[in-house]
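Here is how the chains run, residue by residue.
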Amino acid sequence: MKRDQFRRPAHENETFIMTTVVGSYPKPKWLHRVRDLWEAEGERFDDDDWREATDDAARLITAEHERAGLDVLVDGEVRRNEMVEFFAHRIDGYEFNGPVKVWGHNYFDKPSVVNEVEYDENWLVEEYEFAADLTERPVKVPITGPYTLANWSFNEAYDTEEELAYDLADLVNEEIEKLVDAGARYIQIDEPALATTPDDHAIVGECLERIAEDIHEDVYLGLHVCYGDYSRIYPEILDYPVDEYDLELANGDYEQLDVFKETEFTGNLALGVTDVHVAEVESVAEIKENILKGLEVVPADRLTISPDCGLKLLPREVAYGKMANMVQAARELEAEIDRGEIEVARTPASAD
Amino acid sequence: MTVVTTTPGLYPLPDWAKETLSSLKGHQKHDLIGGDEGEEILDTYGEIREELIGDQREAGLDLVSEGQARWDDMLAHPLAVHENVDTRGIVRYYDNNNFYRDPVVTGELTESGDVARELESAAEFTDSLQAVLPGPYSLSDLATDEYYGDSAAFLDATADFLANEAAMFPDHDTLFLLEPSLVEHPPEDDENERASEAISRVASATDAEVVVHTYWGALSEKVHAHLLDAAIDAVGYDFVSEVDDNLYNIQEYGTTDSIALGLLDGQNTLVESPETITERIEWIGERLPAHEFDTTYVSTNTELFYLPENKYKAKLAALGEVAAREEVTA
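Residues numbered from 1 in each chain as written. Chains lettered and ligands numbered in written order. Predicted model: local features only at pLDDT ≥ 70, side-chain atom pairs only at ≥ 80, totals over all residues. Heavy atoms only, no water.

(A) View of the sheet that holds strand β5 (residues 129-134) of chain B. Residue and element names in this part refer to chain B. Reading across from one edge, β1-β11-β10-β9-β8-β7-β5-β2 is the order of the eight strands in this open sheet, with parallel pairing throughout. Of all strands in the sheet, those with a lone pairing partner are β1 (2-5) and β2 (64-65), marking the two edges. Direction of pairing for β5 relative to strand β7 (residues 174-178): parallel, over a ladder of five bridges. The residue bridging P134 from the neighbouring strand is L178, located in β7. In this fold helix α11 (residues 274-287) packs onto β10 (258-264) and β11 (295-300), with an angle of close to 135° to the strand it touches most, β10. (Pairing = 2+ DSSP bridges. Helix = DSSP H or I, 4+ residues; strand = E, 2+ residues; numbered from the N terminus. Contact = heavy atoms within 4.5 Å. Axes fitted to C-alpha atoms, helices over the stretch in contact; angles between N-to-C directions.)

Printed below as a string of structure tokens:
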């Protein structure tokens, strides 16, 4: 099984419920200050200073993830500002006009596609290589998916958003090939826009086909979709060429869980077991109850657990507490399953 | 044909105001407008109002809207500030990457006067005022009812509420009722008649011309036919997102004596040239040879808040240029 490569040699239980995070993590406060200085005109901070600061932040957050006990780490996306902007700045064909409203006084610098998009500089390879060198544990790379890059931009250049999405899929594919060459084996494609326009699930599927077509056989591909009505995209998404579906369900108190039980869940499930919009650390007992919800859908060897979504809006100590309790909950539950104290289904050996 | 240039309102905040208001109000859901804001915030909105109206006048639009910069919850605003409404979780605004606070109606929808107060202030800066409200069907669709008990009673109460609001408005030339829910979540069966009656009820509260503007596609044939039964002066059609079905509806069922055409994309930074807009007006006119409209309102298809500041101004300028040309040729 592809998942076995992420199991640590020191893993003590026979059962393995993989633990990870979706990606973003609260940045250290000093990094915001450095960004202000780097972006301000006439200040003494140049690109080298920015790189040094983000390297330090990546060291800090990767170590924090390791200390929390996660099986698969992320560097907290400390170098990225926003999930579309970061990539649009690195792709030829985009321009920026200024902030637009998302809700209330929350804005983002929604870019415009004004020419055919083309691959320019590396997006994430250096970020991955740096983080991978910091730890023995596997490092996951979250990357914004082509459909979200298209849908959350203004399209001035293409006849249809679909054509733009397919061109972007080719660029995402190019980046993923480089990441795989650099050693990345766990790639998570983030497609939150699918939740806003569920009727476009076939376009997302075609984008993913372009990415998965010639991918290295050991690469474990995840898809993250959050904050939407899953009944409008499930079971259709089961046809996607991905290994894992990362879903946000704790926020809605698992009201949508039944959606995934009506039709057999044939993929691996990455289940959100802590709510990222509640600034309180859920107890180990509560998280164990949430993990059991996931075991109603898939057996333990096909279950990954993570927070619902990126943790970046939480106070850092709360984010850490959620990760640490999540890992403890998984390890306790694994031991209970090993001892036969909890009855769970197992996957036949051939499945994967 | 008289061409009148206008917009459906709901402007983006100027960039300076995005920052000023963020720091005055905050970023969380309880920080948003509740109708009880303090003097400093009210003054800031006063400045923004003057600026947005100035932008429209400078561009040369025929009708000027208040701008609705205060409408943090977009079309749900008139309920979100009501004393008998609780604003709860953040919910998605149609199929957009935008969110508003779910307004939960927990008591009687009594008169509020919130929108009327904004328009009173706006009237100081223009003699061509256009009022903007959500249509009753869309407003009830965006809200949650915990008081009236069934959807029919809630729709009626929403219509009465909006009619009372409109009755308090200062003099205005037009009232735009925005009804995207008629397209996005269309009424079913006898709900159609009720929605049409609800719209008539709001329309009857003003002496101004009433335009019911629809967007994000075309109305279904049945909804369109029922809407034409309402006592209104114009229906607005979104020719950016859907051309064929809108033309078909008008050809098959006719339309109101006046018409509103959504011809500029309120959700794309690509700026239509005045030539393109004029060509689109003519192109549609050629396909509706049997119709002689009293007034043709020309507008963006959607609200404008989706756009960055430089691009909404560029769209206004293009619309203004169309207005200037029409005056020359008229």
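There is more to say, and it comes next.
(B) Geometry of the interface of chain B and chain A. Each partner contributes to the interface: chain B provides 32 residues, whereas chain A provides 23 residues. Here chain B packs against chain A, burying approximately 2,200 Å² in sum over the two surfaces, 53% of which is carbon and sulfur. If you sort the residues of chain B by the area they bury against chain A, R92, D95 and N97 of chain B come out on top, with a joint share of 23%. Summed over the shared surface of chain B and chain A, the result is one salt bridge. Notably, a salt bridge pairs D95 of chain B with R232 of chain A, separated by 3.9 Å at the nearest N-O pair. (Buried area = accessible area lost by both parts, 1.4 Å probe. Salt bridge = Lys/Arg side-chain N within 4 Å of Asp/Glu carboxyl O.)

(C) Just the packing of aromatic side chains, in detail. Inspection of every chain in the model, using the stated rule, returns 25 aromatic pairs over all chains. Measuring from ring centre to ring centre gives 5.9 Å for F260 of chain A and F265 of chain A, while their planes differ by 70°; the resulting arrangement is edge-to-face. On the basis of an interplanar angle of 90° and a centroid distance of 4.8 Å, the ring pair of Y147 of chain B and Y148 of chain B is categorised as edge-to-face. Using a relative accessible area of 22% as the deciding quantity, one classes Y148 of chain B as partly exposed. Among the aromatic residues, ring-to-ring pairing joins Y93, Y94, Y100, Y215, W216, F305 and Y306 of chain B into one connected group. Positioned above the aromatic ring of F130 of chain A is the side chain of R79 of chain A, whose terminal nitrogen or guanidinium carbon lies 5.1 Å from the ring centre. (Phe/Tyr/Trp six-rings, centres within 6.5 Å; stacked < 30°, edge-to-face > 60°. Buried < 20%, exposed > 50% of the residue type's maximum accessible area, 1.4 Å probe, protein only. Lys NZ or Arg CZ within 6 Å of the ring centre and 35° of its normal.)

(D) Inspection of the sheet that holds strand β5 (residues 111-119) of chain A at higher detail. All names here are of chain A. Strand order in the open sheet made by the three strands is β2-β5-β7, with mixed pairing throughout. For this open sheet the edge positions go to β2 (91-96) and β7 (154-155), each flanked by a neighbour on one side alone. Here five bridges tie β2 to β5, and the two strands are oriented antiparallel to one another. Considered in β5, the bridge of Y94 is made with V113. In the packing of helix α6 (residues 161-181) onto the sheet, the strands contacted are β2, β5 and β7, and the crossing angle to β5 comes to about 50°.

(E) Structural view of the packing of helix α2 (residues 47-68) of chain A against helix α4 (residues 125-134) of chain A. All names here are of chain A. Relative orientation of the contacting elements α2 and α4 amounts to 45°, with a least axis distance of 10 Å. Comparing the axis directions of α2 and α4 gives the class oblique. Judged by the sense of rotation from one axis to the other, the crossing of α2 with α4 is right-handed. Two secondary-structure elements touch here, α2 through D55, A58, R59 and T62 and α4 through F130, A131 and L134. Of the residues contributing to the contact of α2 with α4, the split by class is four nonpolar, one polar and two charged. (Parallel < 35°, antiparallel > 145°, perpendicular 65-115°, else oblique. Left-handed = near helix turned anticlockwise from the far one by under 90°. Nonpolar A, V, L, I, M, F, W, Y, C, P; charged D, E, K, R; others polar.)

(F) Examining a negative patch on the surface more closely. All names here are of chain A. Together, D92, E116, E118, D120, E121, E126, E129 and D133 make up a region of like negative charge exposed at the surface. In terms of residue count, the dominant contributor to the negative patch is α4 (three residues). Take E116: it is sitting in strand β5. Judged by relative accessible area, which is 57%, E116 ranks as exposed. (Patch = residues over 30% accessible without salt bridge, like charges linked within 9 Å, V, L, I, M, F, W, Y side chains within 5 Å. Areas by Shrake-Rupley, 256 points an atom, 1.4 Å probe, with all protein chains shown as cover. Lys, Arg positive; Asp, Glu negative; His and termini not counted. Charge placed at Lys NZ, Arg CZ, Asp CG, Glu CD.)

(G) Highlighting the pattern of salt bridges. With the rule as written, the count across this model stands at 39 salt bridges over all chains. Measuring nitrogen to oxygen at the nearest pair gives 3.0 Å for the salt bridge that ties R35 of chain A to E39 of chain A. Here R35 of chain A and its partner E39 of chain A are both found in helix α1 (residues 29-39), four residues apart, which amounts to about one turn of the helix. The partner of E286 of chain B in a salt bridge is R287 of chain B, and the shortest N-O contact between them spans 3.7 Å. Residues joined in a network through salt bridges with shared partners are R8, D71, R331 and E334 of chain A.

(H) Structural context of the side chain of T206 of chain B. Residues and elements named next belong to chain B. Here T206 is to be found in the loop between α8 (191-203) and β8 (209-213). A distance of 2.8 Å separates the side chain of T206 from the side chain of H172, its partner in a polar contact. A distance of 2.9 Å separates the side chain of T206 from the backbone nitrogen of A208, its partner in a polar contact. Not counting chain neighbours up to four residues away, the residues in contact with T206 comprise H172 and L175. (Polar contact = N/O pair within 3.5 Å; in protein donor to acceptor, adjacent residues only side chain to side chain.)

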